[in-house]
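Descriptive analysis of the structure
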Amino acid sequence: MIKRLALCIFNEIKEREWRLYKRRKYKRLKNKEFTIIGSNCTGAFMYYDLGLKYLTPTVNLMIEMNDFVKMAGNLEWYMKQELVEGTEEEKCPVGLLGDIKIHFIHYKSFAEGAAKWEERKQRIRWDNLFIVGSEKDGCTYETIKKFDELPYENKVIFTHVEYPEFPSAYCIRGFEDRKEVGVVIDYRDQFLRRRYLDLFDYVGFLNGKKRRNRSGKV
């Protein structure tokens with residue numbers, strides 16, 4: 001009984017500290033009207049943790065990295081294309097945006113995912129874009145290179161090892177023994193509740209702070 005009570009108190013302390021931690025992040029945030037175009041749910045969790053409305057269609061979905069780089073390279077054109085249902089059998093609903101395949105991994109049907117896509121697409125802040133990728137889902141060294149060459153001032157790709165030659169690459173510690181970066185929205189094994197994502201100062205990123213990678217490059 002005492003152990004159970006102690007565990008409840010311990011968990012409550014962690015939960016309260018986690019809420020305060022996110023509140024401090026929100027207080028630091030100066031830029032609150034931004035659009036994150038992300039290859040997976042990572043960008044959406046930045047909105048979620050900060051308690052902000054999704055000003056992006058890239059929520060609860062995944063786009064393979066080579067497709068994502070292609071889409072980001074001609075974003076305005078792709079956002080004007082009609083989203084149609086994919087015909088191939090997949091584990092989740094799939095949409096086709098021109099030649100880009102969108103995996104609606106957290107939607108029950110294509111219709112549900114497409115409706116949210118169209119609704120949120122109207123919210124894009126074209127003058128305040130942030131591009132977020134991950135070294136997974138078919139990402140190769142060449143993909144990272146092409147991502148780094150995208151014509152956006154504010155972009156980051158999370159990687160499992162250092163790539164000092166690419167200013168947009170940010171290594172998330174803890175995945176060095178893998179072939180790609182892991183799920184960065186998972187919690188790390190430690191006392192305080194923190195995600196791998198919290199290793200990256202995404203509030204500074206969203207505020208437009210110039211970031212140096214560990215090689216010292218801007």
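The structure under discussion appears in the preceding block.
A quick note: this is a predicted structure, and the numbers were derived from the prediction, not measured. (Residues numbered from 1 in each chain as written. Predicted model: local features only at pLDDT ≥ 70, side-chain atom pairs only at ≥ 80, totals over all residues. Heavy atoms only, no water.)

1. Considerations on the packing of aromatic side chains
Aromatic ring pairs are described here by two measures, namely the spacing of the ring centres and the angle between the planes. The full count for this structure, using the stated rule, is 17 aromatic pairs. With a centroid separation of 5.8 Å and 20° between ring planes, the pair formed by W18 and Y21 is classed as stacked. On the criterion of helical spacing, the pair formed by W18 and Y21 is a turn pair, its members being 3 residues apart in helix α1 (residues 2-28). Grouping residues by exposure puts W18 and Y21 together as buried. Here K32 stacks its cationic end above the ring of Y26, 4.8 Å away from the centre of that ring. (Phe/Tyr/Trp six-rings, centres within 6.5 Å; stacked < 30°, edge-to-face > 60°. Helix = DSSP H or I, 4+ residues; strand = E, 2+ residues; numbered from the N terminus. Buried < 20%, exposed > 50% of the residue type's maximum accessible area, 1.4 Å probe, protein only. Lys NZ or Arg CZ within 6 Å of the ring centre and 35° of its normal.)

2. With respect to the nonpolar core
In terms of nonpolar packing, the biggest core is built from 32 residues, with F68, M71, L83, L97, I102, I131 and F147 touching the most fellow members. At the level of elements, α3 (65-73), α4 (75-79), β4 (100-103), α5 (110-121), β5 (129-134) and α6 (141-148) are the ones that each hand at least two residues to this core. Here this core takes 5 residues from α3, the largest share from any one element. Counting 24 residues, the second largest nonpolar core, distinct from the first, contains I36, L52, V156 and L206. (Core = buried A, V, L, I, M, F, W, Y, C linked by side-chain atoms within 4.5 Å.)

3. Topic: the sheet that holds β4
Across the sheet, 3 strands lie side by side as β2-β3-β4; this open sheet has antiparallel pairing. Edge strands, defined here as strands with exactly one partner in the open sheet, are β2 (83-85) and β4. Here the average twist between neighbouring strands, direction ignored, is 35°. Here 4 bridges tie strand β3 (residues 94-97) to β4, and the two strands are oriented antiparallel to one another. Across the sheet, the residue bridging to L96 is K101, located in β4. Against the sheet, α5 engages β2, β3 and β4, with an angle of about 175° to β2. (Pairing = 2+ DSSP bridges. Axes fitted to C-alpha atoms, helices over the stretch in contact; angles between N-to-C directions. Contact = heavy atoms within 4.5 Å.)

4. A closer look at the environment of T143
Residue placement: T143 occurs in helix α6. Sequence-wise, T143 and D186 are 43 residues apart; in three dimensions their C-alpha atoms are separated by 24 Å. Among the polar contacts made by the side chain of T143, one reaches the side chain of T140 at a distance of 3.0 Å. (Polar contact = N/O pair within 3.5 Å; in protein donor to acceptor, adjacent residues only side chain to side chain.)

5. Some points on the environment of I2
Turning to its location among the elements, I2 is positioned in helix α1. When its relative accessible area of 72% is taken as the criterion, I2 is described as exposed.

6. Things to note about the packing of α3 against α6
Packed helix pairs are specified by the crossing angle of their axes together with the interaxial distance, meaning the distance between the axes. The geometry of α3 relative to α6 is characterised by a closest axis approach of 10 Å and an angle of 20° between their N-to-C directions. Here α3 is positioned roughly parallel relative to α6, judged by the angle of their axes. As for the relative orientation of α3 and α6, their crossing is left-handed in sense. In contact with M65, N66, F68 and V69 of α3, α6 contributes T143, K146 and F147. When the residues that make up the contact of α3 with α6 are grouped by side-chain class, the tally is 4 nonpolar, 2 polar and 1 charged. (Parallel < 35°, antiparallel > 145°, perpendicular 65-115°, else oblique. Left-handed = near helix turned anticlockwise from the far one by under 90°. Nonpolar A, V, L, I, M, F, W, Y, C, P; charged D, E, K, R; others polar.)

7. Observations concerning helix α2 (residues 42-50)
Among the 9 residues in α2, 7 count as buried, and that is most of the element. Within α2 the residues assigned to the buried category are T42, G43, A44, M46, Y47, D49 and L50. G51, located one to two residues past α2, shows a positive phi value of around 70°.

8. A word on the sheet that holds strand β6 (residues 155-159)
The 4 strands lie next to each other as β1-β5-β6-β7, forming an open sheet whose pairing is parallel. Strand pairing shows two members of the sheet lacking a second neighbour, β1 (35-38) and β7 (169-171), which therefore form its edges. Averaged over all pairs of adjacent strands, the angle between strand axes in this sheet comes to 25°, irrespective of strand direction. As defined by bridge partners, β6 adjoins β7 across 3 bridges and the pair is classed as parallel. Note on β7: the bridge partner recorded for T159 is C171. Running over the sheet, α3 touches β1, β5 and β6 and is turned about 165° from β5. Docked against the sheet, α6 engages β5 and β6, running at close to 160° with respect to β6.

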